[in-house]
Amino acid sequence: NPYRSVLVFPTTPLAVAVGVSPKIIAASRGGWLQTKGICGVNTSGTTTLDGVAVPSTATAGAIMPSAASTSPMVGIVTRVAAAGSESTVDLKLDG
């Protein structure tokens, strides 16, 4: 089950990205992960509108532009934000 014992996506991948949580989930609790559709995601680096977003290699739990990585796609950027802010991404994580 890929949704069991999930953690913040590290800068050195340990597994595939399975979703984005709308808030922090305590280790001892269950939580909700969004896998598809429009979602705010922490940004690392400079993304571009309609660009492919992948897990960041610089900031755990963030996205970065795909040109900087060979990681699997998280989604397509639909609104660009500065590094450290939330870009809006059309998630494409399950399936």
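Everything that follows concerns the structure shown earlier in this document.
What counts, and at which threshold
- Residues numbered from 1 in each chain as written.
- Predicted model: local features only at pLDDT ≥ 70, side-chain atom pairs only at ≥ 80, totals over all residues.
- Heavy atoms only, no water.
- Pairing = 2+ DSSP bridges.
- Helix = DSSP H or I, 4+ residues; strand = E, 2+ residues; numbered from the N terminus.
- 1 Å grid on protein atoms, 1.4 Å probe; cavity = no way out; pocket = protein on both sides within 12 Å on 5 of 7 lines; lining within 4 Å.
- Points joined across faces, edges and corners; volume = space filled by probe spheres on them.
- Nonpolar A, V, L, I, M, F, W, Y, C, P; charged D, E, K, R; others polar.
- Axes fitted to C-alpha atoms, helices over the stretch in contact; angles between N-to-C directions.

### A word on the pairing of strand S4 (residues 75–79)
The pairing of strand S2 (residues 52–55) with S4 spans two bridges and is antiparallel. By the bridge assignment, valine 52 is partnered in S4 with isoleucine 76. Of the strand pairs in this sheet, S4 and strand S5 (residues 86–92) are connected by four bridges, and their pairing is antiparallel. Its bridge partner being in S5, glycine 75 is matched across the sheet by leucine 91. Counting the residues between successive antiparallel strands, the hairpin from S4 to S5 contains six residues, one of them, glycine 84, with a positive phi of roughly 90°.

### Focus on the layout of surface pockets
In this structure, the largest pocket encloses a volume near 1100 Å³. Along the wall of the largest pocket there are 39 residues; nearest its centre are Leu7, Val8, Phe9, Gly19 and Leu33. The element contributing the most residues to the lining of the largest pocket is strand S1 (residues 36–42), with three residues. Of the residues in the lining of the largest pocket, the class split is 27 nonpolar, eight polar and four charged.

### Here's the deal with the sheet that holds strand S3 (residues 63–65)
Across the sheet, which stays open at both edges, the five strands sit in the order S1-S5-S4-S2-S3 with antiparallel pairing between neighbours. Each of the sheet's edge strands pairs with one partner strand only, and the pair in question is S1 and S3. The mean angle between the axes of side-by-side strands here comes to 45°, regardless of whether they run parallel or antiparallel. Of the strand pairs in this sheet, S1 and S5 are connected by seven bridges, and their pairing is antiparallel.

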